[in-house]
Amino acid sequence: ISRLPPEILGLVFSFEAEMDPPRCYEDAKPNLGWINVTHVCRRWRYIATDHSSLWARIEFTLGERWVEEMFRRARTSPLIIELDSAAP
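The shown structure was predicted, so the numbers you read here are calculated from the model rather than taken from an experiment.

J.: Any chance you could explain unusual backbone geometry here in plain terms?
T.: Most of the time, phi is negative for any residue but glycine, and the peptide bond is trans. At Arg75, a residue that is not glycine, the phi angle is positive and equals roughly 45°. Inspection of the secondary structure puts Arg75 in the loop between helix H3 (64-74) and strand S2 (80-81).

J.: Sorry, what's going on with helix H1 (residues 6-19) here?
T.: In this model H1 runs 20 Å from its N-terminal to its C-terminal C-alpha over 14 residues, within 8% of the 20 Å that 1.5 Å per residue would give. Of the residues making up H1, those classed as buried are Leu9, Gly10, Phe13 and Ala17. For H1, the buried positions fall inside an angular range of 100° around the axis, keeping them on one side. Seen from the open side of H1, the exposed residues pointing more than 90 degrees away from its buried face are Glu7, Phe15, Glu18 and Met19. In this structure, the buried residues of H1 make contact with helix H2 (42-50).

Thresholds applied
- Residues numbered from 1 in each chain as written.
- Predicted model: local features only at pLDDT ≥ 70, side-chain atom pairs only at ≥ 80, totals over all residues.
- Heavy atoms only, no water.
- Helix = DSSP H or I, 4+ residues; strand = E, 2+ residues; numbered from the N terminus.
- Expected span 1.5 Å × (residues − 1).
- Buried < 20%, exposed > 50% of the residue type's maximum accessible area, 1.4 Å probe, protein only.
- Arc of directions from axis to C-beta.
- Contact = heavy atoms within 4.5 Å.

Encoded structure:
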């Protein structure tokens, strides 16, 4: 896997982002989901943080700090914002 070009790894990370989105439920520790790939190695972190479309799905349940970071890393990618109508 270390020989894959960054574009392919970015695509793999995109599939992972769809299957394992970050979430935080009430009274629970945050689950970073696909963001955990940024903790594997320096190369994966660089590729994931540079792949702006990965950050375009803004997850508000993770808190203000994460929301700001996702906006920053999404750069000019079209944003995906889902609001839970059942939330208080």
